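Spelled out, the chains give:
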2 protein chains.
Amino acid sequence: MRKVILSVAVSLDGFIEGPNGEYDWCFTDQDYSLKEFFKRFDTIFVGRKTYEMSSEMEGGPAGFPKFKEYIFSTTLDKVKEGATLIKGGIKTEVEKIKKESGKDIWLFGGAGLTTSLMNLGLVDELSLTVYPILLGGGKPLFNNIQDRIKLSLVDTKTYSTGMVSLTYTVGQK
Amino acid sequence: MRKVILSVAVSLDGFIEGPNGEYDWCFTDQDYSLKEFFKRFDTIFVGRKTYEMSSEMEGGPAGFPKFKEYIFSTTLDKVKEGATLIKGGIKTEVEKIKKESGKDIWLFGGAGLTTSLMNLGLVDELSLTVYPILLGGGKPLFNNIQDRIKLSLVDTKTYSTGMVSLTYTVGQK
């Protein structure tokens, strides 16, 4: 079955955006291969806010390969051509998509969708790239997680710039 | 000069205690040597709440070696014998202690003291032991950090239980 993988950059204090929506702290690292990363996926899950921010761009945010996109929103009535809108019944819909053939699914965020999918037990793996900075405030990656969620560490990778990738499967081994 | 080192266990979502003050998720790891860890320090900095929680115990929390203790509080008038109360002028007092001879200083917390010392630029190193769990709520390690604080990764260590130690110096290399 395809996996849903939350893969995101986060500050050491757990924010995915600074207090004013800043992303400028997410420097690129020459050792970090986006190309390798992208190979694993052919589909992305996008929340409404993230979609609206990036809807001008073809096929997802700039520099992304052409993914099959699913937009999750209870308020939108239509989304751009080629993308699929999921308005409700998230659990059923996501379980159906996971059973389809294909590569893994990148949970691109944002925070609201992440929380919903985490609480529904639909996320299989977390891959956090921790940046060496404290932002002091902003949008937290995890918000309103209802219960404790135990994780199993499967991989760590350290980059010369001070980025650390931590990869966990959801649940205990 | 002696360093002030924040060394603490934290959940992947950045909490040092669960929603009801729980610590039960902080399992011990046989590979993690507290004895080695303690060797580096001869002094601890303790906030008022943490002090009150652990003041019954001789020389600090259970199982700790005998440290020189500094208790930070604006409200207490006295502390137990052998400990030193710091009521104000934190920056001056801490800078003085850092210049004294001795081993490094363990910033044992809690969250309030951590924030104060971080914002005053008095913390030299962060050593976070990240546990493989999302607690969903509780007491965040970092709270009210005023400005961005850049860090430099100096070490990572991965344990078989899924704990990851991340060590940073404060400031950019």
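Residues numbered from 1 in each chain as written. Chains lettered and ligands numbered in written order. Predicted model: local features only at pLDDT ≥ 70, side-chain atom pairs only at ≥ 80, totals over all residues. Heavy atoms only, no water.

Our focus in this paragraph is the confidence of the model for chain A. Close inspection of predicted coordinates is inappropriate in any region flagged by low pLDDT. Confidence along chain A averages 89 in pLDDT terms, with 91% of residues attaining 70 or more. Overall fold confidence (pTM) sits at 0.90, and the ipTM for the predicted complex is 0.90. (pLDDT = per-residue confidence, 0-100.)

The next point concerns the packing of aromatic side chains. Here the structure, examined in full by the defined rule, presents 16 aromatic pairs over all chains. Ring plane angle 80 degrees and centroid distance 5.1 Å describe the contact between Trp106 of chain A and Phe108 of chain A, whose orientation is recorded as edge-to-face. On the accessibility criterion, Phe108 of chain A (21% relative accessible area) is partly exposed. Ring geometry for Phe38 of chain B and Trp106 of chain B: centres 5.9 Å apart, planes at 55 degrees, overall tilted. Of this pair, Phe38 of chain B sits in helix H1 (residues 34–39) while Trp106 of chain B sits in strand S6 (residues 104–109); the two residues are 68 residues apart in sequence, bridging distant segments of the chain. Taken as a pair, Phe38 of chain B and Trp106 of chain B share a single burial class, namely buried. By the ring-pair criterion, three or more aromatic residues cluster together here, those being Phe38, Phe41, Phe67, Trp106 and Phe108 of chain A. It is Lys68 of chain A that lies over the ring of Tyr70 of chain A; its NZ or CZ is 5.1 Å from the centre. (Phe/Tyr/Trp six-rings, centres within 6.5 Å; stacked < 30°, edge-to-face > 60°. Buried < 20%, exposed > 50% of the residue type's maximum accessible area, 1.4 Å probe, protein only. Helix = DSSP H or I, 4+ residues; strand = E, 2+ residues; numbered from the N terminus. Lys NZ or Arg CZ within 6 Å of the ring centre and 35° of its normal.)

Right, let's talk about the sheet that holds strand S8 (residues 133–134) of chain B for a bit. Strand-to-strand pairing in sheets goes through backbone hydrogen bonds, with the strands running parallel or antiparallel. The nine strands are arranged S5(A)-S4(A)-S3(A)-S6(A)-S1(A)-S7(A)-S11(A)-S10(A)-S8(B) in an open sheet whose pairing can be described as mixed. A strand with exactly one partner marks an edge of an open sheet, and here the two such strands are strand S5 (84–86) of chain A together with S8 of chain B. As defined by bridge partners, strand S3 (residues 41–47) of chain A adjoins strand S4 (residues 68–72) of chain A across five bridges and the pair is classed as parallel. From the neighbouring strand, Thr43 of chain A faces S4 of chain A, where its bridge partner is Lys68 of chain A. Where helix H3 (residues 90–99) of chain A meets the sheet, its contacts fall on strand S1 (4–11), S3, S4, S5 and strand S6 (104–109) of chain A, and the angle it forms with S4 of chain A comes to roughly 170 degrees. The sheet contacts of helix H4 (residues 111–119) of chain A involve S1, S3, S4, S6, strand S7 (125–131) and strand S10 (149–158) of chain A together with S8 of chain B, and relative to S6 of chain A the element is tilted by about 130 degrees. (Pairing = 2+ DSSP bridges. Contact = heavy atoms within 4.5 Å. Axes fitted to C-alpha atoms, helices over the stretch in contact; angles between N-to-C directions.)

The next thing to look at is the interface of chain A and chain B. Interface size is often expressed as the accessible area that is lost when the parts come together. Tallying the contact residues gives 29 residues for chain A and 29 residues for chain B. Regarding the contact of chain A and chain B, the summed buried area is about 2,400 Å², with carbon and sulfur atoms giving 67% of it. It is Leu12, Leu134 and Arg148 of chain A in chain A that bury the most area against chain B; as a group they hold 29% of the surface buried on that side. Applying the counting rule to chain A against chain B returns two salt bridges. With a closest N to O distance of 2.7 Å, Arg148 of chain B and Asp24 of chain A form a salt bridge. Linking chain A with chain B are eight residue pairs in polar contact (both at pLDDT 80 or more), by the criterion used here. For the side of chain A that touches chain B, the elements supplying multiple residues, two or more each, are S7, strand S8 (133–134), S10 and strand S11 (164–170) of chain A. (Buried area = accessible area lost by both parts, 1.4 Å probe. Salt bridge = Lys/Arg side-chain N within 4 Å of Asp/Glu carboxyl O. Polar contact = N/O pair within 3.5 Å; in protein donor to acceptor, adjacent residues only side chain to side chain.)

This next bit is on the sheet that holds S8 of chain A. Judged by pairing direction, the sheet is mixed, and its nine strands sit side by side in the order S8(A)-S10(B)-S11(B)-S7(B)-S1(B)-S6(B)-S3(B)-S4(B)-S5(B) without closing on themselves. Of all the strands in the sheet, just S8 of chain A together with strand S5 (84–86) of chain B have a single pairing partner and so form its edges. Relative to strand S7 (residues 125–131) of chain B, strand S1 (residues 4–11) of chain B runs parallel, the two being bridged by seven bridges. Its bridge partner lying in S7 of chain B, Leu6 of chain B is registered against Leu126 of chain B.

A separate point is helix H4 (residues 111–119) of chain B. Every buried residue of H4 of chain B is listed here: Ala111, Leu113, Thr114, Thr115, Leu117 and Met118 of chain B. Residue Gly121 of chain B follows H4 of chain B closely and has a positive phi angle near 70 degrees.

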